[in-house]
Amino acid sequence: MIEKKYKGVVVPMVTPVKEDGTLDTAAVELIVDSFAQSGVSPLLMGTTGEGNSVSQDDGLLLVQTAVKARSNRPITIYAGLTGNCFVEQKVQAEAYTKAGADVIVATLPTYYALTPEQMENYYRTLADSIEGPLMLYNILATTHMSIPIDVICRLADHPNIVGLKDSERDLDRMAQCIELATGREDFSYFCGWAAQSAHSLGLGGDGIVPSTGNYVPEMFQQLYLAAVHGDMATANHLQAETDAIAKIYQQGRTLGQSLAALKVMMQTKGLCDPWMLMPLTRLSADEEQTIARKVQSL
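Basis of the calculations
- Residues numbered from 1 in each chain as written.
- Predicted model: local features only at pLDDT ≥ 70, side-chain atom pairs only at ≥ 80, totals over all residues.
- Heavy atoms only, no water.
- Helix = DSSP H or I, 4+ residues; strand = E, 2+ residues; numbered from the N terminus.
- Rg over C-alpha atoms; globule rule 2.2 N^0.38 Å.
- Buried < 20%, exposed > 50% of the residue type's maximum accessible area, 1.4 Å probe, protein only.
- Contact = heavy atoms within 4.5 Å.
- Areas by Shrake-Rupley, 256 points an atom, 1.4 Å probe, with all protein chains shown as cover.
- Lys, Arg positive; Asp, Glu negative; His and termini not counted.
- Charge placed at Lys NZ, Arg CZ, Asp CG, Glu CD.
- Pairing = 2+ DSSP bridges.
- Right-handed = clockwise from strand over helix to strand, strands pointing away.
- Axes fitted to C-alpha atoms, helices over the stretch in contact; angles between N-to-C directions.
- Parallel < 35°, antiparallel > 145°, perpendicular 65-115°, else oblique.
- Left-handed = near helix turned anticlockwise from the far one by under 90°.
- Nonpolar A, V, L, I, M, F, W, Y, C, P; charged D, E, K, R; others polar.
- Expected span 1.5 Å × (residues − 1).

**Description of the overall build of the protein chain**
Then comes step 1: In terms of regular secondary structure, the protein chain is built from 12 helices and 8 strands.
Then comes step 2: Scaling as 2.2 N^0.38, a compact globule of 298 residues should have a C-alpha radius of gyration of about 19 Å, and the protein chain matches this with 18 Å.
Then comes step 3: Across the 298 residues that make up the protein chain, the buried fraction comes to 54%.
Then comes step 4: Considering only contacts in the protein chain between residues 6 or more positions apart, those separated by 24 or more positions represent 70%.
Then comes step 5: Here the protein chain displays about 13,200 Å² of accessible surface, and carbon together with sulfur accounts for 51% of that area.
Then comes step 6: Of note, the protein chain has its 22 positive side-chain charges centred 3 Å away from the centre of its 34 negative side-chain charges.

**Observations concerning the pairing of strand S2 (residues 41–44)**
The side chains of a regular strand alternate between the sheet's two faces.
Then comes step 1: In S2, alternate side chains face the same way, and those of Ser-41 and Leu-43 on one face and Pro-42 and Leu-44 on the other are all buried.
Then comes step 2: Bridge count for strand S1 (residues 8–12) against S2 is 3 bridges, and the pairing is parallel. Across the sheet, the residue bridging to Val-10 is Ser-41, located in S2.
Then comes step 3: Handedness of the β-α-β unit built from S1, helix H1 (residues 25–38) and S2 comes out right-handed.

**Focus: the environment of Val-28**
Then comes step 1: On the secondary structure map, Val-28 appears in helix H1.
Then comes step 2: Taking the relative accessible area as the measure of exposure, Val-28 reaches 0% and is therefore buried.
Then comes step 3: Separated by 141 residues in sequence, Val-28 and Arg-169 have C-alpha atoms that sit 30 Å apart.
Then comes step 4: Ignoring anything within four residues of it in the chain, the contact list for Val-28 reads Met-13, Pro-16, Leu-23, Leu-62, Thr-65 and Ala-66.

**Let's talk about the packing of helix H9 (residues 217–228) against helix H10 (residues 232–250)**
Then comes step 1: Two numbers describe how H9 lies on H10: the axes approach to 8 Å, and their chain directions differ by 155°. On the basis of their axis angle, the class for H9 and H10 is roughly antiparallel. Once H9 is placed against H10, the crossing between them reads as left-handed. For the pair H9 and H10, the contacting residues are Met-219, Phe-220, Gln-222, Leu-223, Ala-226 and Ala-227 in the first and Met-232, Thr-234, Ala-235, Leu-238, Gln-239, Glu-241, Thr-242 and Ile-245 in the second.
Then comes step 2: Looking at the contact of H9 with H10 residue by residue, the class counts come to 9 nonpolar, 4 polar and 1 charged.

**A word on helix H4 (residues 116–129)**
Then comes step 1: Taking 1.5 Å of rise per residue, 14 residues should cover 20 Å, and H4 covers 20 Å from first to last C-alpha, within 8% of that figure.
Then comes step 2: Residues of H4 that are buried in the fold lie against strand S3 (78–81), helix H3 (86–99), strand S4 (103–107), strand S5 (134–138), helix H6 (149–155) and strand S6 (161–166).

**Focus: the sheet that holds S4**
Then comes step 1: Overall, parallel pairing links the 8 strands, which are arranged S1-S2-S3-S4-S5-S6-S7-S8 in a closed barrel.
Then comes step 2: Pairing of S4 with S5 involves 4 bridges; the strand directions are parallel. Bridge pairing links Ile-104 to Leu-134 in S5.
Then comes step 3: Sheet contacts for helix H7 (residues 171–181): S5, S6 and strand S7 (188–191); angle to S7, the most-contacted strand, approximately 155°.
Then comes step 4: The sheet strands contacting H9 are S1 and strand S8 (207–208), and the helix crosses S1 at an angle near 150°.

In C-alpha cells, the structure reads:
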C-alpha cells in the first residue's frame with residue numbers, strides 16, 4: 001500500500017474575528033489547539049474561513065498564529081489562496097510558506113469565466129512561481145467553474161502540485177478523481193463534500209475536508225480512522241451523526257449564513273465569537289439563541 005504524505009482530516013477552519021473585524025489571535029490558538037488534540041489539520045482561509053474577505057496582513061498573521069499554536073505537534077498547515085490578481089497571490093503564497101505553511105491551496109480566480117486551457121495555465125504558472133507545494137481547489141458552488149478532470153490529470157504530473165481538494169457535488173466525478181490519485185504517492189485526493197466523507201474514503205480517497213469538523217474534529221478523525229481500517233459500519237454511523245450536527249447550522253441557510261451559524265456553535269464551546277467579516281454578518285439574536293438551544297439538546 002502506498003503511503004501518502006498528504007492525507008487525513010483537514011478541517012476548513014473558520015476565521016475568528018473581533019467585533020471590529022480584526023483577527024482574534026487568541027481564538028485562532030484555541031481552535032488550532034483543539035484540532036491538534038484531535039489529530040486533524042487546519043485549512044486556513046478556505047471557503048469556511050471567509051478567505052476572500054481576509055486582508056493580506058491578517059492572512060499572514062493567521063498563518064503565523066496557527067503555526068505557533070501547532071507547536072511541534074504533527075499536523076499540517078494548509079493555507080488557502082484566493083483572489084484575482086496573480087502578482088498579489090504569488091506574494092501571499094510566498095509569505096505564507098515563509099511563515100510556516102506546509103501547503104498552499106489555491107482556488108481559481110473567479111472574475112472571468114476561464115477556459116480549460118486558462119485554468120491549466122494558471123495553476124502551472126503558480127506552481128512554477130512558488131517554492132512550497134501547491135494543492136488544487138475545485139469548488140463549483142462559489143467559482144461557478146469546474147476544473148475538468150483531464151486538466152487535473154495533466155496538472156497532477158507537475159512536480160510541485162501535490163493534490164486536489166474537490167468540493168463539487170458529483171459522485172461520478174468523485175470516483176474518477178479518486179481513481180486518478182490512486183496508486184501514486186505524489187498526488188492526493190481530498191473530498192470537500194462533507195456528507196460524502198465516509199463514501200469517498202471507502203472508494204480510496206486520501207482525506208476529507210469537513211466544515212463541521214470545526215465543532216467536532218474528534219468525530220471526523222474517528223470516522224477517518226474507521227474507514228482506513230476497513231470498518232465502514234462505524235464510519236457510516238459517524239457520517240450519519242455528523243450529518244445531523246451539520247443540519248443545525250446549514251439547513252435553510254445560505255452558505256454565508258451557515259458560516260455565521262457555525263461560529264455560534266463554536267461559541268458554545270468557548271472557541272470564538274460569532275462575528276463575521278464584511279460582507280457577511282452575524283445572525284439575529286433570536287437565531288443565535290435557537291442554535292445554542294439546539295446544540296445543548298445534542
